[in-house]
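Each chain, letter by letter, is given below.
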Amino acid sequence: MTLPSRITARPLEATAFARFGDVIAPKSAPDKLINAGMCGRHHDLARLDFSDGQAGISLFDAKARDLPLRVDLLERHPAGSQAFLPLNGVAMIVVVAEDEGGPTRPQAFITAPGQGVNLLRGTWHGVLAPLGSPGQYAVVDRIGAGANLEEVPLDPPLWVDPPA
């Protein structure tokens, strides 16, 4: 496994991110109105996928990070997808990588404030990294018995630079 020493982050965009997961954000218009027309529903925004166990919702409090970001660990969850939904609107840096028997071709994305992501099952990714301020996130992922975490330390580390 050979990774570059530096990559440049770019704004999160659904098409570029699709092979790694889903961008979770309201559509330009809701799919339907509910509650007597008082609430717009943006329906089914993430491909949740669990091999076993059940979906659980947890809250994560994460310390702020800055760019350039030092990434010394990539991880993945082979038994389930993992969705991150910001509760306090803080943008985050999302580092993902393709899989060829280990992580390859890493990419970095910066979410817009309030934008969430769902990482597909088995997607290599960096740890939760709120940008500039501490972040609180609702996380929807697999809860169940058995191993659902693989980690790869990076030595030397990968550095993520800000957008040009």
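Residues numbered from 1 in each chain as written. Predicted model: local features only at pLDDT ≥ 70, side-chain atom pairs only at ≥ 80, totals over all residues. Heavy atoms only, no water.

*Asks:* Could you clarify how one ought to interpret the pairing of strand S8 (residues 82-86) in this entry?
*Replies:* Residues in a regular strand project their side chains so that they alternate between the two faces of the sheet. S8 sits mainly inside the fold: four of its five residues count as buried. Here S8 pairs with strand S11 (residues 116-119) via three bridges, running antiparallel. Among the inter-strand pairings, alanine 83 is bridged to a residue of S11, identified as asparagine 118. Relative to strand S13 (residues 135-143), S8 runs antiparallel, the two sharing five bridges. If you follow glutamine 82 over to S13, its bridge partner there is aspartate 141. (Buried < 20%, exposed > 50% of the residue type's maximum accessible area, 1.4 Å probe, protein only. Helix = DSSP H or I, 4+ residues; strand = E, 2+ residues; numbered from the N terminus. Pairing = 2+ DSSP bridges.)

*Asks:* Is there a simple way to think about the environment of glycine 56 in this case?
*Replies:* Counting through the fold element by element, glycine 56 comes out in strand S6 (residues 54-62). Taking relative accessible area as the criterion, glycine 56 reaches 11% and is therefore assigned buried. Expressed as a C-alpha distance, the spacing of glycine 56 and arginine 76, which sit 20 residues apart in the sequence, is 17 Å. Residues contacting glycine 56, with those up to four places away along its chain left out, are Val139, Val140, Asp141 and Ile143. (Contact = heavy atoms within 4.5 Å.)

*Asks:* Got a minute to help me understand the sheet that holds S8 in this structure?
*Replies:* Strand pairing in a sheet takes place through backbone hydrogen bonds and is either antiparallel or parallel in direction. Overall, antiparallel pairing links the five strands, which are arranged S3-S11-S8-S13-S6 in an open sheet. The sheet terminates laterally at strand S3 (21-24) and S6, the two strands that pair on one side only. Each strand axis lies, on average, 20 degrees off the axis of its neighbour in the sheet, ignoring direction. (Axes fitted to C-alpha atoms, helices over the stretch in contact; angles between N-to-C directions.)

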